[in-house]
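# Secondary and tertiary structure notes
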Amino acid sequence: MTPKLKLRYFLVKTQEAEYWKEKESTDFLLFKGLQEQLKESPKIQIATEDPQALEVIIAYASHSALADPQCYDKLVGDERLRPVSEARISQQYAPVPMLVVGTDDIMQGLDKQAMQTAYPRSERKAGSHLHESDTIKAIRKFIDPRYRFWDSSIWHWYVPVLPVDTFVQRLEEALEDIGLQRNLYNKIVSKEYLEFQCRKLKNSYFIDLVSGHAKKVTPYRFHAESNMKRKANKLIKALRGYTWGCIIIDDYFKKPLREDLDGPKPKPGKTGSEPHAESKIPLIEKLLNRRKTPAGKKGKDIIKVLSRQWEDKKRAYITNGMEQMQHFPAADIILLDYFFGMGEAQKEEQYGHYLLRRMLKDQEARKKQTEEESENTPAELSIAEAKPFDKHWIFPISVFDYAFNSHLIAMGINRIGRYMEIADGADPVNTPQLFRYLFYSFLESYRTHIGLSLDTLLKDMNTRLQGSGSAEQLKQVFRDAYPHIAEINTRIQKLKEKADLTYTDRDEPHESMGKETSWFASSYLHEIDPQNLLPTICLHFQHLAYLIVYGLGSDWARMWEETQLIRRLVHAVKYDQAKYVKDTADDAIELLNKTDAYIIKLRQQFP
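Here is what the cut-offs are and how they apply
- Residues numbered from 1 in each chain as written.
- Predicted model: local features only at pLDDT ≥ 70, side-chain atom pairs only at ≥ 80, totals over all residues.
- Heavy atoms only, no water.
- Helix = DSSP H or I, 4+ residues; strand = E, 2+ residues; numbered from the N terminus.
- Buried < 20%, exposed > 50% of the residue type's maximum accessible area, 1.4 Å probe, protein only.
- Contact = heavy atoms within 4.5 Å.
- Areas by Shrake-Rupley, 256 points an atom, 1.4 Å probe, with all protein chains shown as cover.
- Pairing = 2+ DSSP bridges.
- Axes fitted to C-alpha atoms, helices over the stretch in contact; angles between N-to-C directions.
- Salt bridge = Lys/Arg side-chain N within 4 Å of Asp/Glu carboxyl O.
- Parallel < 35°, antiparallel > 145°, perpendicular 65-115°, else oblique.
- Left-handed = near helix turned anticlockwise from the far one by under 90°.
- 1 Å grid on protein atoms, 1.4 Å probe; cavity = no way out; pocket = protein on both sides within 12 Å on 5 of 7 lines; lining within 4 Å.
- Points joined across faces, edges and corners; volume = space filled by probe spheres on them.
- Phe/Tyr/Trp six-rings, centres within 6.5 Å; stacked < 30°, edge-to-face > 60°.
- Lys NZ or Arg CZ within 6 Å of the ring centre and 35° of its normal.

We now examine the overall build of the protein chain. Secondary structure summary: the protein chain contains 20 helices and 10 strands in total. Out of the 607 residues in the protein chain, the part that is buried amounts to 52%. Summarising the internal contacts of the protein chain: among those between residues at least 6 apart in sequence, 76% fall at separations of at least 24. By element, 52% of the accessible surface of the protein chain is carried by carbon and sulfur atoms, the whole surface being about 29700 Å².

As structure tokens, this is what we get:
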């Protein structure tokens, strides 16, 4: 069903706006004709008189408006739009999403290279004074640094007119997204976020203490959701067919998000006030499992929520989270909320960062126990020791992402440490595209951390072999590579242990894979090595390196046997990066050819 929308328009009277009104040419789409064009859209329904329709403000933001600090100040001072006032807490607060139409796609950045990349000269319209170089320079020089506010959450969307030929399509897609997220606009957490963002917009400047700065310096930088969406869609390609198993430690991981107090009242005994109110589990799954696939084919999920059937206790959320970690010791990612509410009996159960402190205490106790070789397990050891690749990978999910970081600093907890790796978190409700981008970036660092890197090693070995490679040079290259090959072989064995040897069948439901199985390890090995050849290749490469460095000339036959075996296997492995498949195979063959030349010389000396 297409969403029903009620559109309200604003057109700022500026030089650019007047130019648009007077321009009776197909080169530019007239802003005043948008409503008529959108009425014909199959993706959305314009229902002005329908009280159930979601109201959306569409405004034209000129260059001068985006550059004028008063534009931002007036926005948060307007009671009809984004009021920032303590008085409104006792009143009905019913903000609506705002879609801003601008000329240029400035959200990617205002540097000259970004503008030229976004709009090649061939796509710019001849005779348009809106694209003269002095105008672009003026935008970069005088625009208010807070301009990305117009595209910073589900409340603010920005759609550039240029390129004109796809403008209506992009506008339809933005309005469709707004309509599909209509259930989120009346959530308490959404309105709280908007209030906080408007306060940052209003107060993000230095007070002038005879420094000359005043409001010219705005230390807080908003992000652009459209830019994050582009980056997230690009990152998703690197994730290939891998799947990560997650647990969610959050007070609303099953309960529907609360509605505004001015909205419909929930039924007795129910949390949430509308039948389609979402909890965070389906919300997060919809956001993250967006993988493009050929028509008619279902793509593999990027995440699997392992704790779907876990009991949603209303109290002791940290303790509940620790129990989840014990129950799913091989969970690849922990999604951790910041604030669980003030109704907890103990202060230590109110905030997510207390879990990190308990985890560190637990690990230090284990370390001390190992050092003392004690047979007695201390009572405080409550978190399972087994975890993917000897480290907890944690992604904060909260509207209070900056508060989470500040608490880590206050407690002296490093984001990247021996026992845990903590991502830059984001809120999946209000900033879905930032959430996707940061989460995919975290998964990419996870993949890189665990990745085998055999392709990189082979390329490096070839680079250091000049020409055909002398015997001494060949020996030195293999001597340097030997510990890396041994490390890769060890990591493959660890991956197999974490995958629990079930990665050959990815069609099983995740419940049957077992709690001790890492979803990432199983999908990783299946994706890059479905025939389980990598352990064999690395084992023989390790043996070959040892023979070349430490073997005798008379061992040439064993060396030859290893090279021929590796040569037969190397083309069957996909390796980690798709773009390296052919290059890696070519590098391996080239390296083996140089090694063969060395072995042939040995054969001549030791017949």
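The phi dihedral of Ser453 falls on the positive side, at around 60°, and the residue is not glycine. Mapped onto the elements of the fold, Ser453 is located in the loop between helix H14 (432–450) and helix H15 (454–463). Taking the relative accessible area as the measure of exposure, Ser453 reaches 33% and is therefore partly exposed. Of note, Asn532 is a non-glycine position whose phi angle comes to about 60°, a positive value.

Bringing the environment of Lys234 into the picture now. In this structure, Lys234 sits in helix H9 (residues 225–238). Measuring from C-alpha to C-alpha, the distance between Lys234 and Tyr440 comes to 9.7 Å, with 206 residues separating the pair along the chain.

The strand order across the open sheet formed by five strands is S7-S6-S8-S9-S10, and the pairing between neighbours is parallel. One side of each edge strand has no neighbouring strand; the edge strands of this open sheet are strand S7 (303–305) and strand S10 (420–422). Along the sheet, successive strands turn relative to each other by an average axial angle of 30°, direction set aside. Where strand S6 (residues 244–249) meets strand S8 (residues 333–336), four bridges bridge the pair, whose relative direction is parallel. By the bridge assignment, Ile247 is partnered in S8 with Ile334. On top of the sheet, helix H11 (residues 317–327) reaches S6, S8 and strand S9 (392–396); it is set at about 160° to S6, its chief contact.

This part is about the pattern of salt bridges. The tally for this structure, following the rule as stated, stands at 15 salt bridges. For Arg447, the salt bridge is made with Glu444, and the minimal N-O distance between the two is 2.9 Å. Here Arg447 pairs with Glu444, and both are found in helix H14, just three residues apart, close to one helical turn. On the basis of relative accessible area, Glu444 is assigned to the buried category, the value being 17%. One salt-bridge network, held together by shared partners, links Asp460, Arg464 and Asp480.

For the pair helix H18 (residues 534–550) and helix H19 (residues 556–569), the least separation of the axes is 9 Å and the interaxial angle reads 150°. In terms of orientation, H18 lies roughly antiparallel with respect to H19. As for the relative orientation of H18 and H19, their crossing is left-handed in sense. Between H18 and H19, the contacting residues are Thr536, Ile537, His540, Phe541, His543, Leu544, Leu547 and Ile548 on the first element and Arg558, Met559, Glu562, Thr563, Leu565, Ile566 and Leu569 on the second.

One number sums up the size of the largest pocket: a volume of about 1400 Å³. Around the largest pocket sit 45 residues that line it, and Asp177, Lys229, Asn233, Arg290 and Gln433 are the ones nearest its centre. Within the residue set of the lining of the largest pocket, elements represented by two or more residues are strand S5 (156–160), helix H7 (167–180), H9, helix H10 (280–288) and H14. Here the lining of the largest pocket gets eight residues from one element, more than from any other, and that element is H9.

To continue, consider the environment of Tyr402. Positionally, Tyr402 belongs in helix H13 (residues 401–411). Through-space distance from the C-alpha of Tyr402 to that of Asp424 is 9.1 Å; in sequence the pair is 22 residues apart.

Under the defined criterion, the tally for this structure stands at 21 aromatic pairs. Considering the side-chain rings of Trp244 and Tyr446, the 6.3 Å spacing of their centres and the 85° angle between planes classify their relative orientation as edge-to-face. Here Trp244 is found in strand S6, whereas its partner Tyr446 is found in helix H14, with 202 residues between them in sequence. For the pair shown, Trp244 and Tyr446 are each scored as buried. Each ring, one from Phe395 and one from Phe435, has its centre 5.5 Å from the other, and the planes form 85°; the classification is edge-to-face. Taken as a pair, Phe395 in strand S9 and Phe435 in helix H14 lie far apart in primary sequence, 40 residues in all. Note on accessibility: Phe395 and Phe435 belong to one class, buried. Every member of this aromatic cluster is reached through a ring pair, and the members are Tyr242, Trp244, Phe389, Trp393, Phe395, Phe435, Phe439, Phe442, Tyr446, Phe520 and Tyr524. Over the aromatic face of Trp393 sits the side chain of Lys391, whose NZ or CZ is 5.9 Å from the ring centroid.

Purely geometric numbers; function is a separate question.
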